[in-house]
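# Structure at a glance
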Amino acid sequence: MPICKRDGFDLNNTESKNETFHDNDLVFCCYITKRIFRDYENYFRHVMAINSTVWQCEATGKDGLTFEEALKSERVARKKMEQFKQSLRAPVLLVIEHARQSAVKMLNLIVSKFLRKRYFLNEEVVIGQRKNTVYKVVGIKPGKDMQEPSNGVYEDTEQLEYRLRAPNGDEINVTLEQLRRQRAEFNMENLAMFIKNSVIRVDGILRPKPEVYKQYVTEPNISFSSIFIGKMPRYSPAKIKRPEAKDAKKQSTLNKYIVKGEESVAKKKESDEARAKSLADEMERIRLEKAAKFAEMEIKKAQRKAEVMQRVEQECLYLTTKTDDLERNDQRLLPAYQPIVTLLPELILGDVFVLREFMHTYSGLLSGVEVFRQNLSFYEVSRAFSAREVAGPLSDILLVLLGTIFDLQKEEEEECPVYYVTGYGTALREPFISMGNGSRTQMYVKRHFSFKLNELPMDALTLSEVLRLHLLASGAIVSDKPDKWRIMYRNGYSSREDPGLQLRIEHSHILRALKTLPVAQLEFGDIIRIANCLMAQILSYSATINIVEERMEKMSKAKMELRTLIWAENRRLAALEANKRKLTSEHHQQCMTKELKLDTGKKEELAEQLNRRIADLMAQSDREQRKHEQQVMKLHSELFNFLVYLGMDRCYRKYYVLESMPGIFVEHTPDSSMDTCLEQPPQNISPAEIRKQAQLPKQRKDLRTYLVKLYGDSDKKSRKSANKQSLENKENQENRLNGHGQSSEPMDVSGDDEEQTPPTQTELLMCSGDSSNCIVHDGHHAERRIWTYLYKTEDIDALIRSLNPLGWRESELLDELTQLRSLILQHVKHCSEDMLNLDTDKKREKFISAMHAETHRKYNQANFGLPDDIELNEVMRLHLVDRILQFEHDIYSGDLGKLNVKDMEKWRQQLLKDEYDPQGKLQWGPRMLHNDETPADSDHESHEDFDDHEDENDEEAALLREFGRKYGRYRDPDQYIEPTDAKSETESAAASKTHQTQVRNLASALLQVEQAIGRRFMKEPFGMNMKRESKQENLKLICEARLQQWEVSLMESTSYAQIFLHLNVLNDCILWRRSTNKSLCKVCRRGTDPEKMLLCDQCNGGTHMFCMKPKMRTVPEGNWYCHTCVRELGLTNAKNQSTKQQKKRKFIVDEVDDDVDEGVDDGDGEDDDNDDNADEDEEEDNNSETSSTATSVKANGKTAATRRSSRRSGKRLKSKEIEEAIEDDDSDEAEESSVEAEDNEENEEKDEEETEACQVCFYNGCEISCVRCSEWFHLECVKLKRQPRTDFVCKKCKSIETQRPRRRPSNVDGDADDDDEEPQAKRSRSSRNSLRISLEKSAAANNNNNNNNTSNQNNNRRSGRRTNDNLPLNSAALYHLLEQTMKHQAAWPFLRPVLTSEVPDYHKIIKSPMDLAKIKSKLNMGEYQLNEELLSDIQLVFKNCDLYNVRGNEIYEAGCKLERFVMDRCKDMMLPFRPSDMNAEAIC
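Residues numbered from 1 in each chain as written. Predicted model: local features only at pLDDT ≥ 70, side-chain atom pairs only at ≥ 80, totals over all residues. Heavy atoms only, no water.

Note that strand β5 (residues 124-127) and strand β6 (residues 130-141) share three bridges and pair antiparallel. Opposite Ile 127, over in β6, you have Arg 130 as the bridge partner. Pairing between β6 and strand β7 (residues 161-165): five bridges, direction antiparallel. The residue bridging Lys 136 from the neighbouring strand is Arg 165, located in β7. (Pairing = 2+ DSSP bridges. Helix = DSSP H or I, 4+ residues; strand = E, 2+ residues; numbered from the N terminus.)

This is the structure we're talking about:
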């Protein structure tokens, strides 16, 4: 009930209490006190009393309130007291009973300090940042190194360990620093309210109320030992003042009034004695009073000192104790930051920053990151998440991430084979259902593509489908052994923790969209979710974990070294001070001697000597100080790797320093609120008080001394001025009455400007108490900015000055900024403000133009030359049509097959016009039981019951039945995902009907092309090794079944990416080297002289007629088979049958080709030129169509019989091998030109012996011979116009004297690695380079790259079998040099030709352009004969760079750097290289 603080305002509650009121009486009602009055004067007096500000809140003691305000204050206080934590009430009462204090404030401080340092049994607490989980204290024990106190009182509670129990039953051990209480349950306000309402004063001592103590302590039977460890701390009880008993006054006697005359002398004497005695007594009394007064003054002085010390302690506690930032009232204004405005949506801006930081941090781990030149620029990432492009930077980013995951999976499989299982027994709930479906996805890929998921070919066109399959397969269940391996080496990782599994469950709409759309057409929010998922998966692998652990070890080592340095520096400073004191003391001792007391000159000399010695000490100290600062800066730079989370400020804004983008970035996300609004937010003090507070000493000891002096002086001044106060007040009143003293008023007003306009809570970024308009807790507040930044030095310094060192969050942020200030300032000075602040249309247009200029070189054909406004599905459809037509053309022109259609030109034109007509009935799948009339809603079984086909071979039927039981019917992995919205699924199905028709047509077209390919031109897994083996028929059936599964999956495609994936897999399984377009001579490995090359009617392999032994002059009649087919397949040539009885003849191919085949083909596990191992009838049927053209042309000897490839390897056969074969053969048989000219054998042999073959072109008719090696050459082949006058020495013999032996690379070893015959799908991820597709490559990349790679690898293997000392062209060394040069960081401008569209005037200035790709192509084509020729072309690259570019240009600097690298490598390899003018100083 409110208390009235002034007489005459009491409410007379008994007034009109006994009055009786009737129904119709007129009364006056007061709704506040709920009283009625009959008399208006009583009512008016009552209303005036309750509206006067004379009331005091009974609970809080706050006065100057109205009656209603006092009631409201009591209700609020009662509510706060009720919020006080129940589990803390018993400890509070025990402390009150034990402390025995008399002052409420001191009792509050004691109890508060006691509770803040302890947590009690059965109390509910939270841990650190995890405030959503409430734990229960179930045990308290001392720390590991903590000893039990002798008195049983645990004062150092920071070392105690608390055992907590979570709601799920788990128990953990934590320390005091990690525990927190909810602010609403425990704070100083509700603690003070509870103490005030729970104590009573007994004999001057505050003790708990009996009823309260009984309720919370006695009845629950609680003692201190039952809620905490040890005994209750001891407190000094307060002193109690007791009233002193006053001396009782004695009544005086009347003897002096009744004395007689005879007794006067005696009485006078007595009176004198009595007077003297009384005087002595009076003097003693005065002395005692003075002593008592002095003692009282001493007591008062001690009390004042105690009060001052108590006030000092309270001030020190307030000024040095850290509290929550939102509860402080001394906050300064933070500087305003610049909001980030870019092309990227603001909601995904943070995720984009994370992506860039991830690419920078793990660039050494990521596969194919070279496509970004080791640096993902802000222009590229802005284009990736603002433009819709098929082959843009977004596809490169996803390819790098996904490729890295596949490579990490392969590394894991090498250490521990992974096997997938379909389920966890009877677990029919998530995530086990999705995990089982992931295993089915892995099996689906193996079933329909015959490859593992991480072996599928990836580029920008197949990315969407491979990504979809990867996400569907994420979290697949593995067998026990790999599961245990992951737990051991991946930090306890299991399939349930796969981020892809979580994405599949929570965002299944992404996977449903990828079934029909390319990934670039998804919402950018979904795309960034995919990128985050892939990054999280990369971080779960052991290789990434090892990198993180290594960095953490380095950081911890640097921190340890930093602490050691600081400790050593402190010891050095202490030793310095000790030395200075020692020198000074010695000086004073010398000066105190008798000889020096009067010798002033000697004293001055000693003083100078002392100053010099101290100066030397200080100079040495300065040197050591600078050295220490350099070491500290070095360690700080190691700790500060530009990827730093600095901390949070008062309103939970997070501060970052990024490596990829200079500047301090501030994130204020809507979900960053860590608590709820305060009920009564603290009001900030004035800026003047804040400035005054900032000038106080920071150390507690110095602050305490300062406050003691301040309060002691102020107390003295207040007592001295107490006597003058009344006079001053009187003079001030007179001055005011007389009008004096007005000049001081403007000064007061100007000095209080800041106090008159204090900053608001919003400006201070503090809680306002209103959750609907709070900048801290309202996520939609108008003044919130999700991302801001600052980079200027003055802004960073202003931030450091405005942070509160006593706030929990801002103190940590302040420490980080202070320690790393110099490094941060050096980093942020390069901040790109023009990229982060696109707040105007002009800036935005400038950024867009710069972005296109920067990325145009790589992504100018991101949509393959089509307009940007075309839908991405249409872009992929048009490009897919071109790819299918190019694929069909390569098949047909290479004699690998022919479409089974009536009019091929019409078929092509209709496919181009989107009017596809198969010109017949399509059939596919097992037994060709599927056709284009199959209903769309059928089960699409990929294997039927093969038991019905009893007419087939029993063994074949058994194999097919086993294959059918293994796979069953077709099931797309996406069908296991349940649609979330049936209506949206129906609408999307209706909208995509045209799309599905187009996808079906293109799949059918690809099916026709596939069925036209001869099976003998396919390799594993769709083809087989053509060697004669007993299991050939079984292998043939299995390969055919695999191809049928591929057909079934193809015809079930729902997106263009799926068709692209099927096309690439099929393309990689074709033996392109058997194409007549790629025919090379098996002896000399050249494609020149096509009119003199014979093609094998079985494998399309070519052999020059003049490379045979004996030479052929005419084309033989009938079918002709190469030596490999004759040897491996048992075929016979017509001429061999007719000349069996004639003299035995040999071909050089017998010896040379064996070696070539073993080195080129057999080393791959599959013969290069093997065909189907079928019987002769089937073989003749297969050859009848594909070799008809070749056979007819062979018979006529036309040049069209042998097609030349535009890309051929120019590798020559070793000259020594040819000479040795010729010499061995000449000793046994004669040389003849043809089978019909046997009579001229001797003449031919003599001519052959007299003529040697040129060691450059391997043709006869040589004109000059080397005097050292006796090898022959043409004049034009060695670049001579006439016969030399002196002895001729070839360049090989010249260079052999200076060249040192070179070690051959491992990839060109004689025992060639077995990846040539391996399908391209398996090789595409082994090298972490080519991850993107461009327009130049897109039309023929998948058709021709494998062929070029195969021929290049064959050539590498062939050249690796030679000895480098015998070669004028050191191919192995040059290949190694080119490979290192092209992989160099500065090689990016010189990797491909300069296009006129990019640099219009380039070809006007540069007349002989050259690039590294062209040099490598010429080396592969055999256009170089000498090392100097290739080095001359490399020199031409740098000469062109020097001619076109100017010094300081980015490309010019890259050319200088790359040329210096080539110079160093050539010097190491002893190759002659002359640098350009860019590095002319290195010529000497």
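Inspection of the entire model under this criterion finds 32 aromatic pairs. The interplanar angle of 45° and the centroid separation of 5.0 Å between the aromatic rings of Phe 358 and Tyr 362 together place this pair among those described as tilted. By the ring-pair criterion, three or more aromatic residues cluster together here, those being Phe 353, Tyr 645, Tyr 656, Phe 665, Trp 787, Tyr 789 and Tyr 791. The ring centre of Phe 524 lies 4.2 Å from the NZ or CZ of Arg 388, which sits over that ring. The ring of Tyr 493 carries the charged tip of Arg 490 above its face, separated from the ring centre by 4.0 Å. (Phe/Tyr/Trp six-rings, centres within 6.5 Å; stacked < 30°, edge-to-face > 60°. Lys NZ or Arg CZ within 6 Å of the ring centre and 35° of its normal.)

Another point: the pattern of salt bridges. Considering all chains together, one arrives at 39 salt bridges under this definition. In this structure, Arg 287 and Glu 284 form a salt bridge, with 2.2 Å as the shortest nitrogen-oxygen distance. Of the two residues, Arg 287 and Glu 284 both sit in helix α8 (residues 264-320), three residues apart, roughly one turn of that helix. Taking relative accessible area as the criterion, Glu 284 reaches 34% and is therefore assigned partly exposed. (Salt bridge = Lys/Arg side-chain N within 4 Å of Asp/Glu carboxyl O. Buried < 20%, exposed > 50% of the residue type's maximum accessible area, 1.4 Å probe, protein only.)

Right, let's talk about the packing of helix α9 (residues 349-361) against helix α17 (residues 524-539) for a bit. Axis separation between α9 and α17 bottoms out at 10 Å; the angle between their running directions is 35°. Relative to α17, α9 is oriented so that their crossing is left-handed. In this structure, α9 uses Asp 351, Val 352, Val 354, Leu 355 and Phe 358 to contact α17, whose residues at the interface are Ile 528, Asn 532, Met 535, Ile 538 and Leu 539. Split into classes, the residues belonging to the contact of α9 with α17 amount to eight nonpolar, one polar and one charged. (Axes fitted to C-alpha atoms, helices over the stretch in contact; angles between N-to-C directions. Left-handed = near helix turned anticlockwise from the far one by under 90°. Contact = heavy atoms within 4.5 Å. Nonpolar A, V, L, I, M, F, W, Y, C, P; charged D, E, K, R; others polar.)

This part is about the sheet that holds strand β8 (residues 171-175). The strand order across the open sheet built from five strands is β8-β7-β6-β5-β9, with neighbouring strands paired in antiparallel fashion. Pairing within the sheet leaves two strands with one partner each, and these edge strands are β8 and β9 (179-180).

With antiparallel pairing, the five strands of this open sheet are ordered in space as β12-β16-β15-β14-β13. The open sheet has two edge strands with one neighbour each: β12 (338-339) and β13 (644-648). Taken together, the four bridges between strand β15 (residues 664-667) and strand β16 (residues 787-790) define a ladder with antiparallel strand orientation. Each residue of the ladder has a partner; that of Glu 667, found in β16, is Trp 787.

With that out of the way, let us pick up the pairing of β15. Along a regular strand, successive side chains alternate from one face of the sheet to the other. Burial along β15 is two-sided: the face carrying Ile 664 and Val 666 and the face carrying Phe 665 and Glu 667 are both buried. Relative to β15, strand β14 (residues 654-657) is paired through four bridges, and the arrangement is antiparallel. The residue of β15 that forms the bridge with Val 657 is Ile 664. If you look at the hairpin formed by β14 and β15, you'll find six residues sitting between the two strands, and Gly 663 has a positive phi there, around 130°.

Following the sequence through the fold, Leu 366 ends up in the loop between α9 and α10 (378-384). Expressed as a C-alpha distance, the spacing of Leu 366 and Ile 405, which sit 39 residues apart in the sequence, is 8.7 Å. Non-local contacts of Leu 366, meaning those with residues more than four positions away in its chain, are made with Phe 358, Met 359, Val 400, Leu 401, Thr 404 and Ile 538.

As far as function goes, none of this settles anything; it's purely spatial.
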